[in-house]
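One-letter residues, chain by chain:
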Amino acid sequence: MSGEGPVRVAVVGAGYVGLTTAACLAHLGHDVTCADVDPAKVASLSDGVIPIHEEGLAELVREGIAAERLRFVVGAAKAVTGAGFVFLCVPTPQGPDGAADMSYVEAVSVEIGPLLEHDAIVVNKSTVPVGSTRVVERALGRPGVAVVSNPEFLREGSAVSDFLHPDRIVIGADEQSAAISLVELFGAIRSPVVVTDPPTAETIKYASNAFLATKVSFANAIANVCEAVGANVREVVLGMGYDRRIGSEFLRPGPGWGGSCFPKDSAALVRIAEDAGYDFGLLKGVIEVNTRQQEAVVAKVVEAAGGSVTGKRVAAWGLTFKAGTDDLRDSPALAVIGRLVAAGAEVTAYDPTRRDPLPGLSVSSDPYDACEDASALVVLTEWDEFRWLDLGVVRSRMARPRIVDTRGLIEPAAARRAGFVLSGVGIP
Ligand code: NAD
Ligand code: UGA
C-alpha cells in the first residue's frame, strides 16, 4: 500500500454494491480495479454499459473509465495485486435454513489470500452473519492483513447518492489504525462515523434492515386495522410521522416489503438469534405480517374481479420490488401476480423497466394495452408515472371498472369521476 500516487483499490463483485463502490471511489480520485466472475458483465462494463437501472451510475462508470481511474477485470486475483484496500461485495444469499450463505465470501477470501500485499486492508461490505470477519481472516490465511467490517446501507434506485451522502459510515475493526485508514480513503464523504468492533458492526447492519422492515410491517398492520375500523391509513401515518421520535419514512403501506435484502436479512437475523439462544418472536411476527399482506392483496384483487379470477384477465402495473430499479428479486409484485396466476388469472403486466415476458405472464410495453378486457387492475409498484395516466382511457379498455391500488397513487376523486370502484390498502 505504501508508495507514491493515488491509493489503489480493488473491488470484488460488480453488482449493486460493488459497482457503486467502485464507481464512487474512482469519482473520489482513487485508482480502482473492479473484478467480477461474469465475463459478459466485465466486457459490457469496460465499454461503459451498465447492466442495471441505477440513477447516475452509468455516468460515474464512464467518468472513471475516461479518467483511467476505473477498470474492470475477470476474477478477483487480477484485481488485488498491488491494492491497498480490497472491498468484498459478493452475494450472501439466503441458504435453505434461513442463514446467509457465506460460500461466495469464503471462496473469494481463499482465492485472494496468498496474493494480497502485506499491508493490505480487506474491507467486507457484503451483509454477513455476526462473526464473519473472523471467518474471512481464517479463509485469507494472512495474519498480518487487517480485515474490517464496513456494512453498506445504500438503497437500490438511489445507490450513488446514498454512497456519497450516507447517513453514517460504520466501521468494525480490531485495530484503530485500519479504521483510520478507511476513514481517510472515504475522505471527501461527510458523515458521522461509528467505529466499533467487527461483531457490533455486523449486527448494526442486520438490526437496521430488520428495523426498517418492522416499520413497514407496522404500517401494513395498522392499514389492516384502519380497514376494519373505517380510518384512513395515509392520514394515520402522516399524523404519526410528524412525531420526530417516530419519523415519517418507511411508513408507507403497500403490498409488503421485498427486494434482494429485507427478506433474506430478516430471515438471517431470526436464525442468528436462534443459534445464539434467543427466540426473536418480534421479527418472526414482522415477517408473518409481510406474508399475510401479500395474501390480503390477492384477496382484494379476487374480490374486485367479481369473486374469482379463474379464466379472467387481470392487469398489473408494476413488477419491480419498488420504483427506481429494474430489480425483480423477491418482488412482492411478482409474489402477488404468481398467486393470481395460480388461481387461474390471465395476467398482463406493465412496468417501465421491463419488456420481456416472464413465466406465466405476458408483459406489455404500454400501460393501457395491459388493461385490455381486464376484470381488475392492480397497482403494485410505486412508479410515479402511474399517477398521471388517463383513467378515462384505462376505463374504456377494461371489462370491469375496478382498481386495487396497493401504493396509494391513484387519486380517489379522479377514479370516481372515471367511473371506477377503487380499493386500496388501509383506506375505507
Ligand atoms: P449482486 O448479486 O448485485 O452482485 C454480486 C456480484 O458479485 C455479481 O456480479 C457476481 O457475479 C459477483 N461475484 C460472485 N462471486 C464472485 C467472485 N468469486 N469474484 C468476483 N465476483 C463475484 O449483489 P449485491 O446486491 O451487490 O449484494 C452484494 C452484497 O451486498 C450482499 O451481501 C448484499 O446483502 C449486500 N448489500 C446489498 C445491497 C443492495 O441494495 N443490493 C445494499 C447493501 C448491502
Ligand atoms: C434496503 C435498505 O433500505 C438499505 O438501507 C439497505 O442497504 C438495503 O436494503 C440492503 O441491505 O440491501 P432496498 O432493498 O434497496 O434497501 O429497498 P428499500 O427502499 O428499503 O425498500 C424495501 C422494500 O420495502 C420495498 O419492497 C419497498 O417497496 C418497501 N417499502 C419501503 C414499503 O412498502 N413502504 C415504505 O414506506 C418503504
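Residues numbered from 1 in each chain as written. Chains lettered and ligands numbered in written order. Predicted model: local features only at pLDDT ≥ 70, side-chain atom pairs only at ≥ 80, totals over all residues. Heavy atoms only, no water.

**Q** Could you give me a rundown of the site of ligand 1, with the residues and numbers involved?
**A** Every one of the 26 residues lining ligand 1 counts as a neighbour, but Val17, Asp36, Lys41, Thr92 and Lys264 are closest to it. Between ligand 1 and threonine 92, the relevant distance is 2.5 Å, taken from an oxygen atom to a side-chain nitrogen or oxygen of the residue. Its free accessible area being 840 Å², ligand 1 has 89% of it covered by the protein chains. Counting residues per element, the ones that place at least two in the shell around ligand 1 are α1 (16-27), β2 (31-36) and α5 (103-112). Tallied by class, the residues present in the shell around ligand 1 amount to 13 nonpolar, six polar and seven charged. Formed jointly, the shell around ligand 1 draws a minimum of three residues from each of two domains, domain 1 (8-196) and domain 2 (232-428). (Near = heavy atom within 4 Å. Polar contact = N/O pair within 3.5 Å; in protein donor to acceptor, adjacent residues only side chain to side chain. Areas by Shrake-Rupley, 256 points an atom, 1.4 Å probe, with all protein chains shown as cover. Helix = DSSP H or I, 4+ residues; strand = E, 2+ residues; numbered from the N terminus. Nonpolar A, V, L, I, M, F, W, Y, C, P; charged D, E, K, R; others polar. Domains from an automatic or database assignment.)

**Q** Give a detailed account of the side chain of asparagine 290, specifying residues and quantitative values.
**A** Mapped onto the secondary structure, asparagine 290 falls in helix α12 (residues 281-304). Other than its neighbours up to four places away in sequence, asparagine 290 contacts Ser217, Gly256 and Trp257. (Contact = heavy atoms within 4.5 Å.)

**Q** Describe the environment of leucine 60, naming the residues involved and giving the relevant values.
**A** Counting through the fold element by element, leucine 60 comes out in helix α3 (residues 57-66). It is 9.8 Å that separates the C-alpha atoms of leucine 60 and leucine 25, two residues lying 35 residues apart in sequence.

**Q** Talk me through the side chain of aspartate 351; I want residue IDs and the actual numbers.
**A** Its place among the elements puts aspartate 351 in the loop between β10 (346-350) and β11 (362-364). For the buried residue aspartate 351, which engages in no salt bridge, the nearest side chain bearing the opposite charge is arginine 354, 5.9 Å off. With residues up to four places along the chain from it excluded, the contact list for aspartate 351 reads Gly318, Leu319, Thr320, Thr381 and Trp383. (Buried < 20%, exposed > 50% of the residue type's maximum accessible area, 1.4 Å probe, protein only. Lys, Arg positive; Asp, Glu negative; His and termini not counted. Salt bridge = Lys/Arg side-chain N within 4 Å of Asp/Glu carboxyl O.)

**Q** Please provide a residue-by-residue account of the site of ligand 2, values included.
**A** Surrounding ligand 2, one finds 20 residues, the nearest of these being Phe153, Leu154, Glu156, Lys205 and Cys261. Measuring from an oxygen atom of ligand 2, one finds a backbone N or O atom of glutamate 152 at 3.5 Å. Contact with the protein chains removes 94% of the 700 Å² of surface that ligand 2 exposes when unbound. Sorting the residues of the shell around ligand 2 by element identifies α9 (198-229) and α11 (262-275) as the ones contributing at least two each. Ranked by the residues each element gives to the shell around ligand 2, the list is headed by α9, at four residues. Taken together, the residues of the shell around ligand 2 break down into 10 nonpolar, two polar and eight charged.

**Q** So what's going on with the packing of helix α6 (residues 132-140) against α9? Residues and values would help.
**A** Between α6 and α9, the least distance of the axes is 8 Å, while the angle of their chain directions is 125°. By the angle between their directions, the pair α6 and α9 is classed as oblique. Each of Ser132, Thr133 and Arg134 in α6 lies in contact with α9, whose residues at this interface are Pro198, Pro199 and Glu202. Partitioned by chemical class, the residues of the contact of α6 with α9 number two nonpolar, two polar and two charged. (Axes fitted to C-alpha atoms, helices over the stretch in contact; angles between N-to-C directions. Parallel < 35°, antiparallel > 145°, perpendicular 65-115°, else oblique.)

**Q** Account for the environment of proline 96, naming residues and giving values.
**A** For proline 96, the position within the fold is in the loop between β4 (85-88) and α5. As for proline 96 and valine 61, which are separated by 35 residues in sequence, their C-alpha atoms are 35 Å apart.

**Q** I'd like a rundown of the packing of aromatic side chains, residues and numbers included.
**A** Scanning the model with the defined rule gives seven aromatic pairs in all. Judged by centre distance (6.3 Å) and plane angle (80°), the rings of phenylalanine 163 and phenylalanine 186 are edge-to-face. In this pair, phenylalanine 163 sits in helix α7 (residues 159-164) while phenylalanine 186 sits in the loop between α8 (176-185) and β8 (193-196), placing the two residues 23 residues apart along the sequence. The exposure class of phenylalanine 163 is buried, given its relative accessible area of 4%. Residue classification places phenylalanine 186 among the buried positions, given a relative accessible area of 4%. An aromatic cluster is defined as three or more aromatic residues linked by ring pairs; in this entry it consists of Phe87, Phe163 and Phe186. A cation over an aromatic ring shows up here: arginine 168 above the ring of phenylalanine 153, its NZ or CZ 3.6 Å from the ring centre. (Phe/Tyr/Trp six-rings, centres within 6.5 Å; stacked < 30°, edge-to-face > 60°. Lys NZ or Arg CZ within 6 Å of the ring centre and 35° of its normal.)

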